[in-house]
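Here are the chains, one letter per residue:
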Amino acid sequence: GENVEQHPSTLSVQEGDSAVIKCTYSDSASNYFPWYKQELGKRPQLIIDIRSNVGEKKDQRIAVTLNKTAKHFSLHITETQPEDSAVYFCAASFNQFYFGTGTSLTVIP
Amino acid sequence: KAGVTQTPRYLIKTRGQQVTLSCSPISGHRSVSWYQQTPGQGLQFLFEYFSETQRNKGNFPGRFSGRQFSNSRSEMNVSTLELGDSALYLCASSTEQTTVSEAFFGQGTRLTVV
């Protein structure tokens, strides 16, 4: 089955700096790659997603890049703010979601 | 539009008991999937239902089962509870098959097995 690895597990950045979270996957059949943000005690919420026919997607301060050849995709958050502090999960999907183990991001004011 | 609703929010059960969790999807959503979330393990896929049929199943023992009703509401059952079943159980709904479109999560049911 699919195996999704996510790094780093924890990340601390100064407010205003950029944050990058990376994920790798193993199954070349995976064709949908969403990113979810989960604040403490709250439900995961989709923040951005990308499909396998697209290399990059951007939504304001958030961007995702996908390299199908290397089987990795990354989340980029620019101009980080304290409210970006949360756990972020990547996922790869073909017929079911396989989630990474999460990255706990702390933005220091 | 109401979001995904899971009941109950918290449960405490004893080893060996069984438990049933409920998930009401967003109106119009026909796909419901279930996940187990534990610290360090992230989100583990349990199963997905679409139009009352189980479409996919994760790698969990047969003690974990589910079903979906004609109104798309879904239930998950765990029999013969073990201490290791303590976790946050999340369900997610989607208009289509969850795995190719945005999944909207419920707030989860926190199950503690003692």
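Since we're looking at a predicted model, the values are computed, not measured.

Criteria and thresholds
- Residues numbered from 1 in each chain as written.
- Chains lettered and ligands numbered in written order.
- Predicted model: local features only at pLDDT ≥ 70, side-chain atom pairs only at ≥ 80, totals over all residues.
- Heavy atoms only, no water.
- Helix = DSSP H or I, 4+ residues; strand = E, 2+ residues; numbered from the N terminus.
- Rg over C-alpha atoms; globule rule 2.2 N^0.38 Å.
- Buried < 20%, exposed > 50% of the residue type's maximum accessible area, 1.4 Å probe, protein only.
- Phe/Tyr/Trp six-rings, centres within 6.5 Å; stacked < 30°, edge-to-face > 60°.
- Contact = heavy atoms within 4.5 Å.
- Buried area = accessible area lost by both parts, 1.4 Å probe.
- Salt bridge = Lys/Arg side-chain N within 4 Å of Asp/Glu carboxyl O.
- Polar contact = N/O pair within 3.5 Å; in protein donor to acceptor, adjacent residues only side chain to side chain.
- Nonpolar A, V, L, I, M, F, W, Y, C, P; charged D, E, K, R; others polar.

Asks: How should I be thinking about the overall build of chain B in this particular structure?
Replies: For chain B, the helix and strand inventory stands at zero helices and 11 strands. Its C-alpha atoms give chain B a radius of gyration of 13 Å, near enough to 13 Å, the size a compact globule of 114 residues would have. For chain B, the C-alpha atoms occupy an extent of roughly 35 × 30 × 25 Å along the three principal directions. Here chain B, with 114 residues, has 51% of them falling under the buried criterion.

Asks: Honestly, the packing of aromatic side chains in this entry has me stumped. Any pointers?
Replies: Centre-to-centre distance and the angle between the planes together describe a pair of aromatic rings. Here the structure, examined in full by the defined rule, presents 15 aromatic pairs over all chains. Here Phe33 of chain A and Phe73 of chain A contribute two aromatic rings whose centre-to-centre distance is 4.9 Å and whose plane-to-plane angle is 50°, an arrangement assigned as tilted. With a gap of 40 residues between them, Phe33 of chain A in strand E4 (residues 32-38) and Phe73 of chain A in strand E8 (residues 72-77) connect regions that are remote in the sequence. Here the two residues Phe33 of chain A and Phe73 of chain A agree in accessibility, since each one is buried. In this structure an aromatic cluster arises from ring pairing among Tyr32, Tyr36, Phe89, Phe97 and Phe99 of chain A together with Tyr35, Phe45 and Phe105 of chain B.

Asks: Please explain the environment of Lys13 of chain B as it appears in this structure.
Replies: Residues and elements named next belong to chain B. Here Lys13 lies in strand E2 (residues 10-13). Residue Lys13 is classed as partly exposed on the basis of its relative accessible area, which comes to 22%. Linking Lys13 and Ser74, residues 61 residues apart in sequence, is a C-alpha distance of 21 Å.

Asks: Would you explain the interface of chain B and chain A in this entry?
Replies: How big an interface is tends to be expressed through the accessible area that disappears when the partners come together. Taken together, the contact between chain B and chain A spans 23 residues of the former and 17 residues of the latter. Contact between chain B and chain A buries roughly 1,700 Å² in total, counting both sides, with carbon and sulfur atoms accounting for 52%. In this assembly, chain B and chain A are joined by zero salt bridges. Connecting chain B to chain A are four residue pairs in polar contact (both at pLDDT 80 or more). Counting residues per element, the side of chain B that touches chain A draws most heavily on strand E5 (residues 42-50) of chain B, which supplies three residues. For the side of chain B that touches chain A, the per-class residue count stands at nine nonpolar, 12 polar and two charged.

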